[in-house]
Amino acid sequence: MVVVVDVESVKKKYLDRLANLFEAGQIDQNTVIQYRNRGLKVYDAVNDLNCPYLSRVIPYVVIGASDSFVNDLTVPYQATSFIAAEAFSPNSGTFVFKLLGLKGGGVTILTGGSRKLGDNVFASLHRIIVGNNAIIVTVNNMMENHTQIWSWDFFGNYLRSEHPKIYDELLNLSKRFVNSDDFYFVISVRSLESVSKSRLLEFYEKNEIAMLNPKNKQRVVILTTDIIHETLSKVIKESDLISYVCTGEKLDMGKGLQILRRDYGIKYLLNDGGRKMSESMRQDGLLAEERITLEPFSLATLKHNIDDSCILGKKGLGIDGSELKGSLLLDSIRIGDERANVYVYPLSLTPSPSHSFSASLSLL
């Protein structure tokens, strides 16, 4: 059955929650003002995306900011995405995003032995809608998957055989949203040690890095320091496809993001650099939202090592009692026994003066 959503009711539900949280003393006035000024963007899967089969799985897609807010930002609106599974026991309220010692963090174990419908659809939509302008990764993260192009069909291909109509809709959606002429991979390189450890130059000279292989015609921006640029550019030369953004002696992510917004026109940036990178962005007030598929508890996880470094969140850490520290749960959609959740964070940056933010918020 095709599912059509009342977009205005989604927005009203969110605004009502903000009011209730404020009245309960769980969020302060500045936070309410920021979230209200950010607004929402909601895509109805049927009317806006023309995806009736997709609507049966995810009836709408919500972004934690309006177009006008994003247009006025001096940096890209940045989101990240993860999959996490409940650990230790059913209803423990603790969610892990990786298992120690397993390639790729043991994602298939986290999902109960196979890639699930909900996460594959949700993750595909991340890349098509949030990541259609740019995706940022760390050099180490990129090199762990250096033979792959990080496009939506990395996840979408799992849908091809069992859910061909949904796959076809996502394919058409990607053609509509993603324009290769306006799309960038951004590679963050923080230290010469990471260059050496990742073996970036060695693999580049062998032409084994998919993102940097000219035949793939991917536009790449390397975000780094002046010293690292001097080293890398001798081998990875600037071209029509490869450019550098340098932020001085140290990697200044805020400055780098400003340049990406100003000089490259990047409005939306999907952070695919891993947990450490997204946490640092959040601590700097640069990460706007996280899009996370929550998986139920699986006995298979008990056979593998889990420590504090594996934990994504715990019930009660969010400012509204949700799972992610410092976040507010914006929206949650149940897909079978999975949940497609969107969490938003307060930002430490403002758009243009046309938006009435508190003066206590710093301007980048």
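For every chain, the first residue of the written sequence is number 1, and numbering continues from 1 along that sequence. In keeping with the model being predicted, local features are shown solely for residues with a pLDDT of at least 70 and side-chain atom pairs are shown and tallied solely at 80 or more, while totals for entire chains, interfaces and linings include all residues. Heavy atoms from the whole structure form the basis of all side-chain values; hydrogens and water molecules are not counted.

Q: Even after reading the chapter, I still don't get the nonpolar core, so can you show me in this structure?
A: Inside soluble globular proteins, nonpolar side chains tend to come together where they are buried. Within the largest apolar cluster, 74 residues are counted, with the highest numbers of intra-cluster contacts made by I58, L125, I129 and L200. If you tally residues by element for this core, the top one is helix α6 (residues 117-130), at six residues. Ignoring sequence-local partners within four residues, the contact set of L200 consists of V139, M142, M143, V195, I209, L212, L232 and I236. As used in this record, nonpolar core signifies buried Ala, Val, Leu, Ile, Met, Phe, Trp, Tyr and Cys residues forming a set joined through side-chain atoms within 4.5 Å. Throughout, exposure labels follow a simple rule: accessible area from a 1.4 Å probe, protein chains only, divided by the maximum for the residue type, with under 20% read as buried, over 50% as exposed, and the rest as partly exposed. V75, L257, I266 and Y343 belong to the second-largest nonpolar core, a separate cluster that totals 30 residues. Helix numbers and strand numbers start at the N terminus; a helix is a DSSP run of H or I with at least 4 residues, a strand a run of E with at least 2. The contact criterion used is simple: two residues touch if any of their non-hydrogen atoms lie within 4.5 Å.

Q: Explain the pairing of strand β8 (residues 242-246) to me, please; I cannot follow it from the model alone.
A: Looking along a regular strand, one sees the side chains alternate between the two faces of the sheet. With four of five residues buried, β8 lies mostly within the body of the structure. Inspection of the sheet shows strand β7 (residues 220-224) paired to β8 by five bridges, in the parallel sense. The partner of V220 across the bridge, within β8, is I242. We call two strands paired when DSSP finds no fewer than two bridges between them.

Q: Quick question: what am I supposed to make of α6 here?
A: Side chains that are three or four residues apart share a direction in an α-helix, a result of its 3.6 residues per turn. With 14 residues, α6 extends 19 Å from end C-alpha to end C-alpha; this agrees with the ideal 20 Å at 1.5 Å per step. Of all 14 residues in α6, 13 are buried; the element is thus mostly enclosed. Each residue after the first adds 1.5 Å to the expected span of a helix.

Q: What is the right way to read the packing of α6 against helix α9 (residues 164-177) from this model?
A: Between two packed helices, the angle of one axis relative to the other and the distance separating the axes together describe the packing. Lines fitted to C-alpha atoms define the axes, with helix axes restricted to the stretch in contact, and inter-axis angles between N-to-C directions lie between 0 and 180 degrees. With their axes 9 Å apart at the nearest point, α6 and α9 run at an angle of 15 degrees to one another. Put simply, α6 runs roughly parallel to α9. Both α6 and α9 take part in a crossing whose hand is left-handed. Here L117, V121, S124, L125, I128 and I129 of α6 come into contact with α9, specifically with I166, L170, L173, S174 and F177. Angles are sorted into four bins: roughly parallel if under 35 degrees, roughly antiparallel if over 145, roughly perpendicular if 65 to 115, and oblique for all others. Note: crossing handedness is left-handed where the near helix turns anticlockwise from the far helix by less than a right angle, and right-handed where it turns clockwise.

Q: Explain the packing of aromatic side chains here, please?
A: Working definition: an aromatic ring pair is given by the centre-to-centre distance plus the angle between the planes. Side-chain rings of Phe, Tyr and Trp (the six-membered ring for Trp) are treated as a pair once their centres are within 6.5 Å; stacked means planes under 30 degrees apart, edge-to-face means over 60, and tilted covers the remaining angles. Taken as a whole and judged by the stated rule, the model has seven aromatic pairs. Ring geometry for F154 versus F155: centroids 5.0 Å apart, planes at 85 degrees, classification edge-to-face. Look at F155 and you get buried, because its relative accessible area is 11%. Over the face of the ring belonging to Y158 we find R115, whose NZ or CZ atom lies 5.1 Å from the ring centre. Criterion for a charge above a ring: Lys NZ or Arg CZ within 6 Å of the ring centre, and within 35 degrees of the ring normal.

Q: So what exactly am I meant to see when it comes to the environment of V344 here?
A: Tracing the backbone shows V344 in strand β13 (residues 338-344). Each C-alpha atom, one on V344 and one on E295, is 20 Å from the other, the two residues being 49 residues apart in sequence. Setting aside anything within four residues of it in sequence, one finds V344 in contact with Y14, Y35, R38, G64, A288, E289, S327, L328 and L330.

Q: Just to check I follow, could you spell out unusual backbone geometry for this structure?
A: Negative phi values dominate among residues other than glycine, just as trans dominates among peptide bonds. A positive phi angle, near 60 degrees, is found at R199, a position not held by glycine. Tracing the chain through its elements places R199 in the loop between α10 (192-198) and α11 (200-205). The residue N207 is not glycine, and still its phi comes out positive at about 60 degrees. Position of N207 relative to the elements: it lies in the loop between α11 and β7.

Q: What's the story with the pattern of salt bridges in this structure? I'm lost.
A: A side chain with one charge can pair with a side chain of the opposite charge if their charged atoms come near. A carboxyl oxygen of Asp or Glu within 4 Å of a side-chain nitrogen of Lys or Arg is what we treat as a salt bridge. The final tally for this structure, using the stated rule, is 16 salt bridges. For K41, the salt bridge goes to D67, with nearest N and O atoms at 3.0 Å. Highlighted residues: K41 in strand β1 (residues 41-44) and D67 in helix α4 (residues 67-72), separated in sequence by 26 residues. Look at K41 and you get buried, because its relative accessible area is 19%. E279 is paired through a salt bridge with R275; the nearest N and O atoms lie 3.1 Å apart.

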